[in-house]
Amino acid sequence: MLTHRKKQIHLFTGQLPLLISSAIFLMLVLGYIGVTPRAHAQSSGKIQELTGQIDPGGVIVYQLVDLSQGQTIYVYITGTSGDLDPTVVLLDDTVDPVVTRENYRTAVSEAIAAGQDPTIAVPEIADQMFLAWDDDSGSGYDGALAYTVEADGTYLLAIGSTPQRETLGQYQLLIGVDAPEVLTGEADPTGDIIATFEGDLSRFETAVQEITGTLSVENPSTFYTLKDLKPGDTLYAFVEATSGNLRPVIILEDFGEKPIRTGNFLGEDNEGQVEFTFDQEARNYRLNLSSCCEGEQLGVGDYRLLVGINAPEVLSGVATPTDNTVVEEPIAVQIGLKMQQITSVDQISENFGVVASMQMRWQDPKLAFNPDSCNCRFKTFNGNAFVNFANQNEITWPEFTLFNQQGRRDTQNQVVVVLASGEAIYVERFSATLQAPDFDFRPFPFDTQQFFIRIDSLFPEEFFVFSELEGFSELGEQLGEEEWIITDFDTAITTEIASTQSLTSRFSFGFEAERHISFYVIRVFIPILIILIVSWFTFFLKDYSKRVDVSAGNLLLFIAFNFTISGDLPRLGYLTFLDTVLITTFIVTGLVVAFNVLLRRLELSGRVELAQRIDRYTIWAYPLAYLIGLGLVTWLSD
């Protein structure tokens, strides 16, 4: 609703000189006797202060009794929490304020549908239907109005959210009779009773919600946190087993885990009920569901929970769910990650370093604020400012940990943007060293390794549930890692029992990487192949002593290769592909040394012809021995 002042206030017209003279005289007298005047001088009128809360779709009605013709009613309303943008309407007591509000909204919708300018149609319709009304005549989005009573009688004052958008929160209401200082929004109450709350005419939040779930041996209980409830609200809850041998127990607990009401406490039935009327404001109350009973008799299965506020039909097990919810549903947290750099891959320690940016988005009504409180569309918190803000206001936010983090996480930038609607955007750029326990070096150096960044919620899924932030997660174009080629990445949301021993959400950013094979081909395989070819050429020599020297030298070279390569890997309990190659060269080269020594001994013993006859087969047996040895060692290493 656009800002509109229903009535012009003419209280000071024609009286300004007299008021100024009186004010000067009063200041002189007070200054003479040494008395400090009050910041807000009181008139001879009556002033009353009221507070309360407006829920979505709610209308709060007060009755103004025994007003006399000529009296002036002053009203000022301020939203004190949430994003409440209040509207105040004055009616006579012959109308139903809820019906009137719906008729008003219908008329406005029809006018807009007919092509009328909303800025003209809205105030015209309000003028026709209400005695007086206001949306934004006070400071910012505060409502303020003044109305001179035209006839003796009883009047109704209705307050609710601005029709422009659905807002909610607590309010402070000042009502005055012949007390114009109320319009400043800071008048002091006089103790008089002007308005009385009309519960029968007010429209409270009526809500019904249906929830389904499963209780199992691994997860035999769960809980649902109720929304804040007002004095006079009645909670109704009905739970029934829908499969298995489940016998659900339902318990209403307060903020101190003290049982208030129980249903099916002994677990004798497959359903339970709870009913309780609150005589004071209720915050952080819970409905606990558990499976009866202990040990081998524990029942498991699916359940259906029907819970309602001011909806007694819930106890029958048959009630139509409404748009308004009853329990604080787990807040959906959209999460994504951009991996921008790989700072290192330490194969020996089996970890890797990354620089990444993550983002989380969620909406919490507790974060909502009235834009006129700061003349801003959003608030920005840098560093730990948001954490401090959340702690001071007792707001739970989706705190997280890097599950496979080693050491500390260095945060380079951290900012939280909170919109007036309660939507929050958390952005952090960080660097960290992460464990990589999934390394498998068996195909080394032809291996493809899996890397993961695992982000765990610190709160159970009853509070926060992760979901994918579409289009955000990605790999950087220049990761800065030369040894590895990143081939693919994916993300996953899973439920894990982690540090808190509760079911929590986990976001996993995984990617695959394979090595640049050219390095190992040039530095390892080609030199080994050249050494083997050179060794093979020596079999064309008939000087067996020279052949012994060459093969022994080759054995030393392979040992040096082994030490060089083993320094790049941890002390594994299995053989890699490169290990099999080197072991094969060890065995075959060792056999070649022994073979050449044998031929040399035959030569020295005068059996040259036998040595030459045996030596004829070595030309083709030498490469064959390597192939057989490589295959045998590979088979044994699997």
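Residues numbered from 1 in each chain as written. Predicted model: local features only at pLDDT ≥ 70, side-chain atom pairs only at ≥ 80, totals over all residues. Heavy atoms only, no water.

### Quick word on the overall build of the chain
Heads up, the condition is: Only DSSP runs of H or I reaching four residues or more are called helices, and only runs of E reaching two or more are called strands; each is numbered from the N terminus. Each radius of gyration is computed over the set of C-alpha atoms, and the globule rule expresses the reference value as 2.2 Å times the number of residues to the power 0.38. Residue burial is assigned from relative accessible area. The probe radius is 1.4 Å, only protein chains are included, and a residue is buried under 20% of its type maximum, exposed over 50%, and partly exposed in between. Should any heavy atoms of two residues lie within 4.5 Å, those residues are counted as being in contact.
Within the chain one finds nine helices and 28 strands. In terms of C-alpha radius of gyration, the chain reaches 40 Å, well past the compact-globule figure of 26 Å for 638 residues. Counting only C-alpha atoms and orienting by the principal axes, one finds that the chain spans roughly 145 × 65 × 60 Å. Looking at the chain as a whole, 43% of its 638 residues are labelled buried. For the chain, restricting intrachain contacts to residue pairs at least 6 apart in sequence, the fraction spanning at least 24 positions comes to 79%.

### Examining the packing of aromatic side chains
The test is simple: For Phe, Tyr and Trp, rings pair up if their centres lie within 6.5 Å, where Trp contributes its six-membered ring, and each pair is then called stacked (planes under 30 degrees apart), edge-to-face (over 60) or tilted (otherwise). Only Lys NZ and Arg CZ are tested; either one counts as a charge over a ring when it is within 6 Å of the ring centre and within 35 degrees of the ring normal.
By the definition in use, this model includes 29 aromatic pairs. With 6.5 Å between their ring centres and 45° between their planes, Phe525 and Phe577 make a pair best called tilted. With Phe525 in helix 5 (residues 517-537) and Phe577 in helix 7 (residues 577-604), the pair connects residues that are 52 residues apart, well separated along the chain. Members of the aromatic cluster, connected to one another through ring pairs, are Phe352, Phe439, Phe441, Phe451, Trp484, Phe489, Phe509 and Phe511. Looking at Lys379, its charged tip hangs above the ring of Phe369, at a distance of 4.5 Å from the centre. For the cation-ring pair, Arg442 lies above Tyr574, with the distance from its terminal atom to the ring centre recorded as 4.1 Å.

### Structural notes on the packing of helix 5 against helix 7
The cut-off we apply is this: Axis lines are fitted to C-alpha atoms, over the contacting stretch for helices. Their N-to-C directions set the angle, which ranges from 0 to 180 degrees. An angle below 35 degrees is treated as roughly parallel, one above 145 as roughly antiparallel, one from 65 to 115 as roughly perpendicular, and anything else as oblique. For a crossing to be left-handed, the near helix must be turned anticlockwise from the far one by less than a right angle; the clockwise case is right-handed. Following the grouping adopted for this structure description, the nonpolar residues are Ala, Val, Leu, Ile, Met, Phe, Trp, Tyr, Cys and Pro, the charged ones are Asp, Glu, Lys and Arg, and the polar ones are all others, Gly among them.
For the pair helix 5 and helix 7, the least separation of the axes is 12 Å and the interaxial angle reads 20°. It follows that helix 5 is roughly parallel to helix 7 by the angle criterion. Of the two elements, helix 5 crosses helix 7, and the hand of that crossing is left-handed. Contacts from Val524, Phe525 and Ile528 in helix 5 reach Phe577, Leu578, Val581, Leu582 and Thr585 in helix 7. In the contact of helix 5 with helix 7, the residues fall into seven nonpolar, one polar and no charged.

### Let's talk about empty space enclosed by the protein
The method is simple in principle: a probe with the dimensions of a water molecule rolls over the atoms, and the space it marks as empty is what remains. To keep it simple, the criterion reads: Put plainly, a pocket is an open set of points on a 1 Å grid over the protein atoms alone with protein on both sides within 12 Å along at least five of seven lines, a cavity is a set where a 1.4 Å probe fits but cannot get out, and a lining residue has an atom within 4 Å of a point. Grid points are joined across faces, edges and corners, and a volume is the space filled by probe spheres set on the points.
Counted under the stated rule, the structure contains four cavities of 30 Å³ or more. Size it by volume and the largest cavity reaches roughly 180 Å³. Considering the residues around the largest cavity, the lining is formed by 16 residues, among which Thr87, Val89, Arg101, Phe130 and Ala158 are closest to the centre. Put simply, the parts of the chain that give the lining of the largest cavity at least two residues each are strand 4 (86-92), helix 2 (97-113) and strand 7 (153-161). The residue inventory of the lining of the largest cavity, partitioned by class, reads 10 nonpolar, four polar and two charged.

### Focus: the sheet that holds strand 1 (residues 46-54)
This is how the line gets drawn: Only when DSSP finds a minimum of two bridges between them are two strands counted as paired.
Reading across the sheet, the four strands line up as 1-8-3-6 and stay open at both edges, with antiparallel pairing between neighbours. Two strands bound the open sheet, and with one partner strand each, they are strand 1 and strand 6 (143-148). Strand-to-strand twist in this sheet, taken as the mean axis angle between neighbours without regard to direction, amounts to 15°. Two strands pair when backbone bridges link them, and strand 3 (residues 72-79) and strand 8 (residues 169-177) are joined in this way by seven bridges, in the antiparallel orientation. The residue bridging Val75 from the neighbouring strand is Ile175, located in strand 8.

### A word on the pattern of salt bridges
Counted only if it meets this: The salt bridge definition used is simple: a Lys or Arg side-chain nitrogen within 4 Å of an Asp or Glu carboxyl oxygen.
Tallied over the full model, the rule gives 11 salt bridges. A salt bridge links Glu210 to Arg304; the shortest N-O distance between them is 2.8 Å. Here Glu210, found in strand 10 (residues 207-215), pairs with Arg304, found in strand 17 (residues 301-309); they are 94 residues apart in sequence, far enough to count as distant. By relative accessible area, Glu210 is classed as partly exposed at 40%. Arg506 is paired through a salt bridge with Asp456; the nearest N and O atoms lie 2.7 Å apart. Of the two residues, Arg506 is situated in strand 28 (residues 503-515) and Asp456 in strand 24 (residues 448-457); the sequence distance between them amounts to 50 residues. Using a relative accessible area of 1% as the deciding quantity, one classes Asp456 as buried.

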